[in-house]
Amino acid sequence: MDNNASNKDRFCQLLRSTGRENIEYVIEDLEAYGFFEAPASVRNHYNHPGGLVEHSLNVYDAAMMVREGILARRPEMEKHLPAESVILASLLHDVCKANIYTLVNRKRKNEIGLWEDVKEYEISYKSLPIGHGEKSVVMLMRMGLDLEDDEILAIRWHMGPWAVDTTQIDIDRSYRQAILNTPLVPLIHTADTIASQIFERDC
């Protein structure tokens with residue numbers, strides 16, 4: 001089994017482990033959207049086919065590591081950070097990226113100044129341009145996934161303060177309230193940062 005197939009298999013097994021109703025429909029729709037072949041970005045982390053599911057698994061791994069450390073210190077937090085919610089929020093936070101990338105041919109000068117054909121991704125936000133985290137939540141609900149409020153907040157705000165326009169008071173207050181409502185919000189944001197900035201860093 002190649003790496004992409006192995007990642008897809010692990011991703012789907014983890015989703016199924018939640019026992020959440022309609023999870024098979026979610027997997028089918030992710031397949032139809034091209035989630036399992038999509039990159040995680042155009043030029044930054046994991047900009048290769050299958051990079052999105054690989055990044056999502058990295059966020060899951062980071063989230064579970066952080067959760068384990070939290071529960072070792074504060075066991076009573078387990079009821080606020082159920083494994084099922086961590087799995088769903090970490091693996092599905094970026095489903096909004098599933099249908100925004102297209103692989104195109106471009107001309108680019110190589111290191112000796114000669115033009116050559118290269119394949120690279122371009123990005124389009126034409127499909128449901130409502131915002132990053134918001135789009136993930138809406139897509140998942142359209143797939144039939146009944147998300148808990150904490151899961152909705154964690155997916156919506158997984159970018160943390162980077163997705164907050166502090167000049168818009170209602171957005172700023174909503175983000176701050178989401179953090180107060182559930183520790184799942186900062187957990188998923190932290191895990192996303194660990195995955196993209198540490199696990200996926202070129203050394």
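Reference entry: report on the structure contained in this document. (Residues numbered from 1 in each chain as written. Predicted model: local features only at pLDDT ≥ 70, side-chain atom pairs only at ≥ 80, totals over all residues. Heavy atoms only, no water.)

What to know about helix α8 (residues 184-199)
Listed in full, the buried residues belonging to α8 are L184, V185, L187, I188, H189, A191, D192, A195 and S196. Packing partners of the buried residues in α8 comprise α3 (51-73), α4 (83-92), α6 (149-156) and α7 (169-181). (Buried < 20%, exposed > 50% of the residue type's maximum accessible area, 1.4 Å probe, protein only. Helix = DSSP H or I, 4+ residues; strand = E, 2+ residues; numbered from the N terminus. Contact = heavy atoms within 4.5 Å.)

Brief notes about the state of the cysteines
Within the structure shown, the criterion is met by 0 disulfides. The closest cysteine sulfur to the non-disulfide-bonded C12 is located on C96, 18 Å from its own sulfur. Taking the relative accessible area as the measure of exposure, C12 reaches 5% and is therefore buried. (Disulfide = S-S within 2.5 Å.)

A few points about the packing of aromatic side chains
The full count for this structure, using the stated rule, is 5 aromatic pairs. Between F11 and F35, the aromatic rings sit 5.2 Å apart at their centres with planes inclined by 40°, giving tilted as the arrangement. Separated by 24 residues along the polypeptide, F11 in helix α1 (residues 3-17) and F35 in the loop between α2 (23-33) and α3 bring together distant segments of the chain. Seen from their ring centres, Y101 and Y121 are 6.1 Å apart, and the 70° between their planes marks the pair as edge-to-face. Pair noted here: Y101 is in strand β1 (residues 101-109) and Y121 is in strand β2 (residues 115-123), with a separation of 20 residues, a long-range link. The burial state of Y101 is the same as that of Y121; both residues are buried. Put simply, the rings of F11, F35 and F36 pair up and form one aromatic cluster. (Phe/Tyr/Trp six-rings, centres within 6.5 Å; stacked < 30°, edge-to-face > 60°.)

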